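This is what each chain is made of:
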Number of protein chains: 2
Amino acid sequence: MQRNARMKDVAQAAGVSVMTVSRAFKKDASVKPATRAAIIKVADELGYVYDSTAANLRSQKTDFVAVLIPSLNNANFADTVGAMTPVLSEHGLQILLGYTNYDIHEEEYLVEQLLKRRPEAIVLTGGRHTDRTRRLLTAAGIPVVETWDLPEDPVDRVVGFSNAETMGTMVDHLVAQGHQRIAFIGGDTDGDTRGADRRRGFLAAMAAHGLETSRLIGAGTPPISMREGAEAMGRLLEEHPDTDAVVCVSDLSAFGALTECARRGLSVPGDIAVAGFGAYEIADICVPRLTTIDPHPARIGQEAARMIVALLAGAGAERRVAVEPALTAAESTVRV
Amino acid sequence: MQRNARMKDVAQAAGVSVMTVSRAFKKDASVKPATRAAIIKVADELGYVYDSTAANLRSQKTDFVAVLIPSLNNANFADTVGAMTPVLSEHGLQILLGYTNYDIHEEEYLVEQLLKRRPEAIVLTGGRHTDRTRRLLTAAGIPVVETWDLPEDPVDRVVGFSNAETMGTMVDHLVAQGHQRIAFIGGDTDGDTRGADRRRGFLAAMAAHGLETSRLIGAGTPPISMREGAEAMGRLLEEHPDTDAVVCVSDLSAFGALTECARRGLSVPGDIAVAGFGAYEIADICVPRLTTIDPHPARIGQEAARMIVALLAGAGAERRVAVEPALTAAESTVRV
DNA sequence: TTGAAAGCGCTAACAT
DNA sequence: ATGTTAGCGCTTTCAA
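- An unreviewed UniProt entry annotates chain A as LacI family transcriptional regulator of Jannaschia pagri.

Below is the structure:
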């Protein structure tokens, strides 16, 4: 077994031309089955490994799809990527993953780096980017899909939902449960643009109900952890002891808030109702179960991947696919 | 701004040769600053984007490091990858990530696919692979780093710890707390080889203490979710009501077990002690806090990345780096 | 400090 | 069903 066999070596050993080897490897129907079998056998013996870097250059196709998410360590985004993978893989496409740490400048850097790899398409999380990012994306001339948002002026295509509007559903639910003095626990900065949109949506919905919007607790720099959620809950209970419900920017911070209540001997929802966002697994198993909003992360991924496959096949695709989030009311806000 | 400018176009527009443009882009000191500035300016105006696919082929370097993890949706592995990223990125290396769904055959497929992309090195999770995977890896002639395990016969290099031996620490701790009738909740299959190693380690440690090893609860196909942990806890309490402690294969299943106790009105650790594995954030915030083992996922990633950087620089590196896990005793197993 | 020639390992296009 | 020729967009190498 010789090191670093090339297609040429396989061709020589099999007594055919390089082109025939190339065809045999891409399952071109025009290669005689016996010839292909012989080639595959020889290639195996030589330990030949196909070199896609050469194919990429010659055919001007990399079969890469660049995907940018805010964080690797987030079940929601993992679900979106997880749902994209089989759809893309089925069409020979491979994901080139990057994570931005919730920073649009980091995103700009990554977009620049990834475009050099000549992906066939690019998927972003969120609808807010630097001007330069937008320029780079537009100039790249490939399908661009923004997800987890539904911006007014998408770069190209969008699959997602309005984080702001969705909060209206949550506030409506809490108000219907009889809550009025409702607080919001979220990030201090707009680094997590989706989190910031949720805060804005919360304020708008409260105002629409004619409710006071002073109970805004900053829990730290996004993403907000369980611990930060717990700390914020502590501050909320001290600064606004008469609060009767709290909406958290995610289920993780909401769970942290729950634990703080447990440690203080407060009953949820008896003393205070707690709601989250994201439909993480924890929401459905913690005690009490968390009222949350399911943004259907896997559906977003699937739709985005389908869109890309269609566009790369030269077929059309909608510019805007709305994936409607669903509120799941559970024990943490519903008094029995 | 013209579409698809090449280096040649930039060279023409700047009135220099392609080679000078190439040098200007890689910050070759031999290019006169003024020349470089002019080239960068022209490139910008043309909307030129460097094409690494061509460079990859010619220089036989992709600057890719392939990294395989069992699942995207796991904070432990995300931490490992997250710690590798900055170290590699600093040296111009980019991660090409794949996930195996805890399946060594899926791993084999991915290794085969990824090697075609000609990565400079490859990082795997775990020390158990198919024979073909091992052959492919060996033949690739690049640094191979196995992580999250400490196999006897590594393919090349290892950074990790013994999942089996680490369980000894946990059993010792529980025994020291006065527990004897200790159960284990883990996967039904060996798909998660690390989980299976933990189960084996648990059995060995129990035997070493002369304790009964019949309380093995299968919680489903790995990875074991919170929900499966809760269900398994339910079965454990029914089948072996006199159990006084339970070790779970991960903090996630352990948390599920905790919630089941809470729903049944059982006190932890008063009625039964519960321990996990992984030092996930939840272990340190749930009520009661979980006794767990911190395998230092970030340290594993950092060491693996450093090893790769060293090897690619032609420097030496240890074949075997042990990262010692640490037990954190907390409320869930310690009676006050 | 810059340039010219050659070529990385494949595949498109055309030929037979 | 298979082969020949040319070339993808860079960088290596050698030269000046």
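1. Regarding the relation of the copies chain B and chain A
So, step 1. Its rotation angle being 180°, the transformation that places chain B on chain A also includes 0.1 Å of axial translation and leaves an RMSD of 0.1 Å. Taken together, the rotation and translation describe the operation of a two-fold axis.
So, step 2. When the interface residues of chain B are mapped onto chain A, 100% of them again lie at the interface, so the same face is used by both copies.

2. Focus: the protein's contact with DNA strand D
So, step 1. Taken together, 26 residues lie around DNA strand D, and Thr20(A), Arg23(A), Arg58(A), Ser22(B) and Tyr50(B) are the ones closest in.
So, step 2. Expressed as a percentage, the sugar and phosphate content of the atoms of DNA strand D within 4 Å of the protein is 60%.
So, step 3. At 2.5 Å, a side-chain N or O of Tyr50(B) approaches a phosphate oxygen of DNA strand D.
So, step 4. Ala54(B) places a main-chain nitrogen or oxygen 3.2 Å from a base nitrogen of DNA strand D.
So, step 5. Within the residue set of the surface near DNA strand D, elements represented by two or more residues are helix H2 (18-25) and helix H4 (52-59) of chain A together with helix H2 (18-25) and helix H4 (52-59) of chain B.
So, step 6. It is H4(B) that provides the largest number of residues to the surface near DNA strand D, a total of four residues.
So, step 7. Residue composition of the surface near DNA strand D, by class: eleven nonpolar, seven polar and eight charged.

3. A short note on the domain arrangement of chain A
Size of an interface, as often reported, equals the accessible area lost when the parts are brought together.
Residue and element names in this part refer to chain A.
So, step 1. Considered domain by domain, chain A is made up of domain 1 (7-50), domain 2 (60-161 + 297-325) and domain 3 (163-294).
So, step 2. Domain 2 and domain 3 are separated by 29 Å when their C-alpha centres are compared.
So, step 3. Of the residues lining the interface, 14 residues belong to domain 2; the matching set on domain 3 comes to 15 residues.
So, step 4. When domain 2 packs against domain 3, the two sides together hide about 1,300 Å² of surface, and 50% of this comes from carbon and sulfur.
So, step 5. The three residues of domain 2 that bury the most area against domain 3 are Tyr102, Arg128 and Phe161, which together make up 46% of that side's buried surface.
So, step 6. Our count for the domain 2 to domain 3 interface comes out at one salt bridge.
So, step 7. With a closest N to O distance of 2.6 Å, Asp197 and Arg128 form a salt bridge.
So, step 8. Applying the counting rule to domain 2 against domain 3 returns six residue pairs in polar contact (both at pLDDT 80 or more).
So, step 9. Looking at the side of domain 2 that touches domain 3 residue by residue, the class counts come to eight nonpolar, four polar and two charged.

4. Overview of the UniProt feature "domain: HTH lacI-type" (unreviewed entry) in chain A
So, step 1. UniProt's entry tags residues 5-59 of chain A with the feature "domain: HTH lacI-type" (unreviewed entry), counted in the numbering of this structure.
So, step 2. Within residues 5-59 of chain A, the helical portion is 69% and the strand portion 0%, while the C-alpha atoms at the span's ends are 21 Å from each other.

5. Some thoughts on helix H9 (residues 193-208) of chain A
Residues and elements named next belong to chain A.
So, step 1. Between its first and last C-alpha atoms H9 spans 22 Å; for 16 residues at 1.5 Å apiece the expected length is 22 Å, and the two agree.
So, step 2. Within H9 the residues assigned to the buried category are Thr193, Arg194, Gly195, Ala196, Asp197, Arg198, Arg199, Gly201, Phe202, Ala205 and Met206.
So, step 3. Measuring from the side-chain oxygen of the N-cap residue of H9 to the backbone nitrogen of Arg194 gives 3.2 Å; that N-cap residue is Asp192.
So, step 4. Once H9 finishes, Gly210 follows within two positions and takes phi at roughly 70°, a positive value.

Analysis parameters
- Residues numbered from 1 in each chain as written.
- Chains lettered and ligands numbered in written order.
- Predicted model: local features only at pLDDT ≥ 70, side-chain atom pairs only at ≥ 80, totals over all residues.
- Heavy atoms only, no water.
- Least-squares fit on C-alpha atoms with pLDDT ≥ 70 in both.
- Contact = heavy atoms within 4.5 Å.
- Near = heavy atom within 4 Å.
- Polar contact = N/O pair within 3.5 Å; in protein donor to acceptor, adjacent residues only side chain to side chain.
- Helix = DSSP H or I, 4+ residues; strand = E, 2+ residues; numbered from the N terminus.
- Nonpolar A, V, L, I, M, F, W, Y, C, P; charged D, E, K, R; others polar.
- Domains from an automatic or database assignment.
- Buried area = accessible area lost by both parts, 1.4 Å probe.
- Salt bridge = Lys/Arg side-chain N within 4 Å of Asp/Glu carboxyl O.
- UniProt positions renumbered as here; feature names shortened; annotations may be inferred.
- Expected span 1.5 Å × (residues − 1).
- Buried < 20%, exposed > 50% of the residue type's maximum accessible area, 1.4 Å probe, protein only.

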